[in-house]
Amino acid sequence: MDEITQWEILVCVPVIAESCLTPALEHLMNQFPFTIFNFHSDRGGEFINYKVEAILNRLLIKHTKSRYRQCNDNALVDGKNGAVVRKNMGYTHINQEKADEINAYYFNWFNTYLNFHRPCLYLTETKKDTHGRERRIYGEVMVPYDKLKHIHRETKNNFLASSTSWEKLDTIAYAYSDNEYAELVRNEERKLFNKIFWPQKP
């Protein structure tokens, strides 16, 4: 999850362990269309290890960690976990052997939907009420791709990765309307769930 644009890439791993998270991290970073400057994680051993450090050092990416006893440090990611992952994938146990099929669904369909067709709210103003409590106003609504283009127009900086271009991204973004692509994603989701929960008997 990118903090500024809310660009989100999902990957699925069979177990939460260093051996699985390291290749997943590389697969995940290759799907971001822009340069990554900083990687923020919690203090789990799957992220704080020499293999992850080697990947980040090779890509010249800084690594920051959540503070102890500060649950809000990962609030955006935790919020998306409930609003996106759990809402769409549910809470039901899924056999770890299905991780590859879920990753294929994420890569081919769901990540595109999240970043090119699903609107997000963006913070526009912070003010205090009469009791001195801070109130955040989310007055901007757009999909992450539009937010990325908006930042590009405002800053005049091109943060795109060398492997992509605005023309390629526009082709993905405007091939379908938001509602058309959402319907395609739901159809693919049904096919995935049929494979996971109601597999055909041989």
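Before any of the text, the structure's been laid out above.
Definitions and limits used
- Residues numbered from 1 in each chain as written.
- Predicted model: local features only at pLDDT ≥ 70, side-chain atom pairs only at ≥ 80, totals over all residues.
- Heavy atoms only, no water.
- Helix = DSSP H or I, 4+ residues; strand = E, 2+ residues; numbered from the N terminus.
- Rg over C-alpha atoms; globule rule 2.2 N^0.38 Å.
- Buried < 20%, exposed > 50% of the residue type's maximum accessible area, 1.4 Å probe, protein only.
- Contact = heavy atoms within 4.5 Å.
- Areas by Shrake-Rupley, 256 points an atom, 1.4 Å probe, with all protein chains shown as cover.
- Lys, Arg positive; Asp, Glu negative; His and termini not counted.
- Charge placed at Lys NZ, Arg CZ, Asp CG, Glu CD.
- Expected span 1.5 Å × (residues − 1).
- Bend = angle between axes of the 7 residues up to and from the residue.
- Pairing = 2+ DSSP bridges.
- Salt bridge = Lys/Arg side-chain N within 4 Å of Asp/Glu carboxyl O.

### A closer look at the overall build of the protein
- Counting its regular elements, the protein contains seven helices and six strands.
- Counting from the amino terminus, helix and strand elements in the protein follow one another as α-β-α-β-α-α-β-β-β-β-α-α-α.
- Whereas a compact globule of 202 residues would reach a radius of gyration of roughly 17 Å, the protein reaches 19 Å, a difference of no more than 12%.
- Oriented by its inertia axes, the alpha-carbon framework of the protein measures out at about 65 × 45 × 45 Å.
- Out of the 202 residues in the protein, the part that is buried amounts to 36%.
- For the protein, restricting intrachain contacts to residue pairs at least 6 apart in sequence, the fraction spanning at least 24 positions comes to 66%.
- As presented, the protein carries roughly 13400 Å² of accessible surface, and 52% of it is formed by carbon and sulfur atoms.
- Of the charged side chains in the protein, 27 are positive and 26 negative; the average position of the first set lies 4 Å away from that of the second.

### What to know about helix 3 (residues 75-89)
- Relative to the 21 Å expected for 15 residues at 1.5 Å per residue, helix 3 spans 20 Å between its end C-alpha atoms, a close match to the ideal helical length.
- A maximum bend of about 35° is found in helix 3 at Asn-81.
- Within the sequence span of helix 3, burial applies to Lys-80, Val-84, Val-85, Asn-88 and Met-89.
- Looking at the packing, one finds that the buried side of helix 3 touches helix 4 (99-116), strand 3 (120-122) and helix 7 (178-197).
- A positive phi of about 80° marks Gly-90, the residue just after helix 3.

### Examining the pairing of strand 5 (residues 134-137)
- Alignment of strand 4 (residues 125-128) against strand 5, held across four bridges, turns out to be antiparallel. By the bridge assignment, Lys-127 is partnered in strand 5 with Arg-135.

### Regarding the environment of Gly-44
- Assignment of secondary structure puts Gly-44 in the loop between strand 1 (38-41) and helix 2 (50-58).
- Separated by 22 residues in the primary sequence, Gly-44 and Ser-66 have C-alpha atoms spaced 9.9 Å apart.

### So, the pattern of salt bridges
- One pass over the structure, following the stated rule, counts nine salt bridges.
- Between Arg-133 and Asp-129 there is a salt bridge whose closest N-O contact spans 3.3 Å.
- Glu-189 is the salt-bridge partner of Arg-186, the closest N and O atoms lying 2.8 Å from each other. Taken together, the positions of Arg-186 and Glu-189, both in helix 7 and three residues apart, correspond to about one turn of that helix.
- What makes Glu-189 buried here is its relative accessible area of 11%.
- In the salt-bridge network here, residues are joined through shared partners; they are Asp-129, Arg-133 and Arg-135.

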